[in-house]
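Notes for the structure review
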2 protein chains.
Amino acid sequence: MDPALQLIQEVEQTLVAKAKLLVFERNDFILQAGAVEHNFYWIESGAIRAFYLTELEEHTIRLGYKGSLITSLTSFLNGTPSEYYLQAIRKTHLRPIPKTTFQNFIQEKPVRLQQYNRLLETIVVQQLEREIDLLTYSPVERLQRVLTRSPHLFQEIPAKYIASYLRMSPETLSRIQKS
Amino acid sequence: MDPALQLIQEVEQTLVAKAKLLVFERNDFILQAGAVEHNFYWIESGAIRAFYLTELEEHTIRLGYKGSLITSLTSFLNGTPSEYYLQAIRKTHLRPIPKTTFQNFIQEKPVRLQQYNRLLETIVVQQLEREIDLLTYSPVERLQRVLTRSPHLFQEIPAKYIASYLRMSPETLSRIQKS
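This structure is a prediction, so every number in the text was calculated from the model and none was measured. (Residues numbered from 1 in each chain as written. Chains lettered and ligands numbered in written order. Predicted model: local features only at pLDDT ≥ 70, side-chain atom pairs only at ≥ 80, totals over all residues.)

Some thoughts on the overall build of chain A
Here is the rule we go by: Under the scheme used here, helices are H or I runs from DSSP no shorter than 4 residues and strands are E runs no shorter than 2 residues, and both carry numbers assigned from the N terminus. Field definition: a residue is buried when 20 or more other C-beta atoms are found within 10 Å of its C-beta, exposed when 12 or fewer are, and partly exposed for counts in between, with C-beta atoms placed from the backbone. Working definition of a contact: two residues with C-beta atoms, positioned from the backbone, lying within 7 Å.
When you go through chain A residue by residue, the secondary structure sums to eight helices and eight strands. Dimensions of chain A, computed from C-alpha atoms along their principal axes, come out at roughly 50 × 35 × 30 Å. Taken across its 179 residues, chain A has 32% of its residues classed as buried. Considering only contacts within chain A whose residues lie at least 6 apart along the sequence, 70% involve residues at least 24 apart.

Structure below.
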């Protein structure tokens, strides 16, 4: 098994199993821009989006759903104020893992440091994929790239947020899906 | 000192000092898309760009100059064919560090694994900055964001490549700089 997946599985079985349960209603904020994020979150049910707000519009930059982890990554890693909002797309159950708890967990066994390295490498590669997404002009190709990575996206996330993540209008997304 | 910087300094003092010297002329390719990258490179002099080629145009996605490291990161980390080209912008001297050499170096001391973790976290944060760059509509703001991170960029890299990196025409970049 991939060392990164192994680490995530162990996080689930130990840290997530002991974490408290937070319940958010639709449109509730888990984090506001300007606040520091001290946790990452295991999504037990529901869906979350991370978005970045400019004068012109909201940019959805990450989507998370059942069985995955989400946080405001720069803020979590550097302890700086978040540039993003984290918001519940619908009723959502989260298990927060505090940064200090995760750091202690990583330090406990040398193998975990290696696994965490591999996890970070995986995140780096995913972010480069996202950079290419953003540079891809064709809306059809952008959709295809994302569906290759997340085939079940439309079952988990409303189309308007997927459109925002893909930098296209909901109308364009709908037209592409039908064709 | 930041653990990531400490690691880079030690890489310079040990691995780079023993590495062979490669010389590339202007426009020479260090790596072609489709090939696997087995090295990262210390730039001893000159400048490099990483670009991504679509039917429509070249997208400059990274710029590297004297005293920094560059590679095709996904290919280097995963051993997959590179989606990018690495090309010398002018005559360039590189010191290649093979992946296996770097991996042995990291495994030699436990503290290096921790430092490498911090380096990967730094790369993750830099990539998120780049993602926000790409989502920033205003060309003036895009330029300001990049100059905050790399104040000496224009001394190292010709304007046409900076324009490509910033997703604007050379004319727009020139107009912004004058105003």
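Here the narrative resumes.
Some thoughts on the nonpolar core
We apply this condition: One nonpolar core equals one set of buried Ala, Val, Leu, Ile, Met, Phe, Trp, Tyr and Cys residues connected by C-beta atoms within 7 Å.
One finds A:Ile30, A:Tyr41, A:Ile43, A:Ile48, A:Ile70 and A:Leu86 to be the most contacted residues of the largest nonpolar core, which totals 41 residues. In terms of residues, this core owes the most to one element, helix α4 (residues 110-135) of chain B, which gives five residues. With sequence-adjacent residues up to four places away left out, A:Tyr41 is seen in contact with A:Ile30, A:Leu69, A:Ile70, A:Thr71, A:Leu94, A:Arg95 and A:Pro96. The next biggest cluster of nonpolar side chains, apart from the first, holds 31 residues, and it includes B:Ile30, B:Tyr52, B:Tyr84 and B:Ile89.

Thoughts on the pairing of strand β7 (residues 85-88) of chain A
All names here are of chain A. For clarity, the cut-off: The pairing criterion is simple: DSSP has to find at least two bridges between the two strands.
Bridge count for strand β2 (residues 29-31) against β7 is two bridges, and the pairing is antiparallel. Within the sheet, the bridge partner assigned to Phe 29 lies in β7 and is Gln 87. Sheet topology note: the strand β4 (residues 47-53)/β7 ladder contains four bridges and is antiparallel. Looking at the pairing, Ala 50 lines up with Leu 86 of β7.

Let's talk about unusual backbone geometry
Its identity is not glycine, yet A:Asn27 carries a phi of approximately 75 degrees, on the positive side. Structurally, the position occupied by A:Asn27 is in the loop between β1 (22-24) and β2.

A short note on the interface of chain A and chain B
The condition that has to hold: The nonpolar class holds Ala, Val, Leu, Ile, Met, Phe, Trp, Tyr, Cys and Pro. Asp, Glu, Lys and Arg form the charged class, and all remaining residues, Gly among them, are polar.
Residue-level contacts link 27 residues of chain A with 27 residues of chain B. Broken down by element, the side of chain A that touches chain B gets its largest block of residues, 17 residues, from helix α4 (residues 110-135) of chain A. A breakdown of the residues in the side of chain A that touches chain B according to their chemical character gives 17 nonpolar, six polar and four charged.

A few points about the sheet that holds β2(A)
Neighbouring strands of a sheet are bound in pairs by backbone hydrogen bonds; such pairs are parallel or else antiparallel. Residue and element names in this part refer to chain A. For clarity, the cut-off: Whenever a helix is involved, its axis is fitted only over the stretch in contact; in every case the axis is a line through C-alpha atoms, and angles between N-to-C directions fall within 0 to 180 degrees.
In space, the four strands of this open sheet follow the order β2-β7-β4-β5, with antiparallel pairing throughout. Single-partner strands in this sheet number two, and they are β2 and β5 (58-65). On average, each strand axis in the sheet is tilted by 30 degrees relative to the strand beside it, whichever way the strands run.

Considering helix α1 (residues 3-18) of chain B
To keep things clear, this is the line we draw: A helix is expected to span 1.5 Å multiplied by its residue count minus one. Note on bend: the value at a residue is the angle between axes fitted to the seven residues ending there and to the seven starting there.
Between its first and last C-alpha atoms α1(B) spans 22 Å; for 16 residues at 1.5 Å apiece the expected length is 22 Å, and the two agree. Its maximal kink placed at B:Glu12, α1(B) deviates by approximately 35 degrees.

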